[in-house]
Amino acid sequence: MKIYQRLLWLLLLQFPLLSVSCHKNQPSQPAPDSGRLVNTTHLDQLYQVVKLNGADVGLINIYSEYPDYKWVADDDEGAACIDDIARTVVFLAHEPDLATNSAKQDKLRKLTEFVLQMQASDGGSGAGYFYNFIFGNGAINRTGVTSINQPNWWSWRALWSLTEVYPYYKTADPALATRLQTASQRLVSNMIRDFGSKARTYTFPGGLKIPGWLPFGSGSDQAAVMILGLLNYQQQTPDGQVQKLIETLADGIVQMQFGAANQPPYGAILSFDNSWHAYGSDQSYALLRAGKALNRPDWITVARREVDTFYPFLLNEGFLESFTVSEQGAALAIGRKSRFSQIAYGVRPMVWATLELYDQTRDARYLTLAGQLAGWFLGNNPAKAIMYDSASGLGYDGISSDTQINKNSGAESTIESLMAFQRLEKYPDAVTQANKYR
């Protein structure tokens, strides 16, 4: 069932696959009111306010389809989900004009309220975890495999968002901050219970020694998001058990790295078992943050190896969607390899990790690398297509071949694009590099 859930989630991230031929489509004229790369116009169009458990909450509608970009709901899963809304909370919490922009303040509060309302309060081991989807009629999807209250992506993203916005509300609204802290404590208690004492077992898919104490056994991608939330929580509410859990998760991620500069898979941190996929690969970013916070230079070294050797490999390959790794005699080899589909969620984590490494080292070559990676959004991709239009705020849903892109612009692609450029625009040299691909 664990693998089945991961496969379903992968399908969710890549659906629908409406493909449109599009080589280097030209963006419209830049927005007149700002010189920023970040444009929230389309994100604002995806936003709406509904009632949930009697509270006004904000939603980010999942799908938005070309050419008119109207909302499209999924009848099976729902109309909106924590996975998108939590990331929007993280994004808004770091908007430079949040302190003076009342519209963003209102959206942030209502989206944060949505996350709070999705925490399960019923009995059983799932209490404290989060449901993911809400249907168009306002009912929570409590039974769907990608929505049930369990230790999975959406609960980790809930923690990340609640702890990311906590410092803002500690000053702006102390009562709300207390609610955020209470919700986070309930979830963290579950995480300690379910992952803090797991035996350090191993499996050997493809002949590789793979740790078995991460989410779903070897989910280093999920462990990375867990660490991001736990780091915030530990800073806000120091706890020895939380630090131990961070160390346990980080050690598991470290053991998912294989290869070196001249040895496949070139320092990649695998995502699950003996496979790597681009989406959600925040492992290096999480290790860099954790290594700095907890004084673990060994974690930073692992992350730096992936950035230094694997990211350039991906650039030379024209980016990849996924691959497997297995033993071939005394060496490792990349096996089944897929180039498509390529999505914003597969690029943003690399941009963040590279910029974080620049912040820690002040080595200017990381600004160049970050700009090359972010160039994927601006034409440095197999289709030579614009994948984020800063004039409209549209983040297109993916590249499906060397000649076709998916011009839908749903919540995930929009938010991941905005998160990438929100971080990138702080570094003019990286922006200059990225703009070379327009």
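Source: prediction; values computed, not measured.

A separate point is the pairing of strand β11 (residues 263-269). With five of seven residues buried, β11 is to be regarded as a mostly interior element. Both strand β10 (residues 257-260) and β11 contribute to a ladder of three bridges, which runs antiparallel. Note that in β11 the partner of A260 across the bridge is Q263. Hairpin geometry of β10 and β11 is characterised by an intervening segment of two residues between the two adjacent antiparallel strands.

Bringing the confidence of the model for the protein chain into the picture now. The pLDDT averaged across the protein chain works out to 93; a share of 92% of its residues lies at or above 70. Of all the helices and strands in the protein chain, strand β1 (residues 20-21) carries the lowest mean pLDDT, 38, while helix α9 (residues 283-293) carries the highest, 99. Below pLDDT 50 for its whole length, residues 1-33 participates in 86 contacts with residues either more than four positions away or in separate chains.

Turning to unusual backbone geometry, a few remarks are in order. With an omega of 5°, the peptide bond running from Y66 to P67 counts as cis. Mapping P67 onto the fold places it in the loop between β4 (63-65) and β5 (70-72). Look at the link from F340 to S341: it is a cis peptide, with omega at 5°. You can see S341 is positioned in the loop between β14 (331-338) and α11 (348-361).

Interaxial distance between α11 and helix α13 (residues 411-424) falls to 9 Å at its minimum, and their mutual angle equals 20°. Viewed along their axes, α11 and α13 adopt a mutual orientation that is roughly parallel. Crossing hand, α11 versus α13: left-handed. Residues R348, V351, W352 and L355 of α11 form the contact with α13, whose participating residues are E416, M419, A420, R423 and L424. Of the residues assigned to the contact of α11 with α13, the class counts are six nonpolar, no polar and three charged.

Cut-offs used in this document
- Residues numbered from 1 in each chain as written.
- Predicted model: local features only at pLDDT ≥ 70, side-chain atom pairs only at ≥ 80, totals over all residues.
- Heavy atoms only, no water.
- Buried < 20%, exposed > 50% of the residue type's maximum accessible area, 1.4 Å probe, protein only.
- Helix = DSSP H or I, 4+ residues; strand = E, 2+ residues; numbered from the N terminus.
- Pairing = 2+ DSSP bridges.
- pLDDT = per-residue confidence, 0-100.
- Contact = heavy atoms within 4.5 Å.
- Axes fitted to C-alpha atoms, helices over the stretch in contact; angles between N-to-C directions.
- Parallel < 35°, antiparallel > 145°, perpendicular 65-115°, else oblique.
- Left-handed = near helix turned anticlockwise from the far one by under 90°.
- Nonpolar A, V, L, I, M, F, W, Y, C, P; charged D, E, K, R; others polar.

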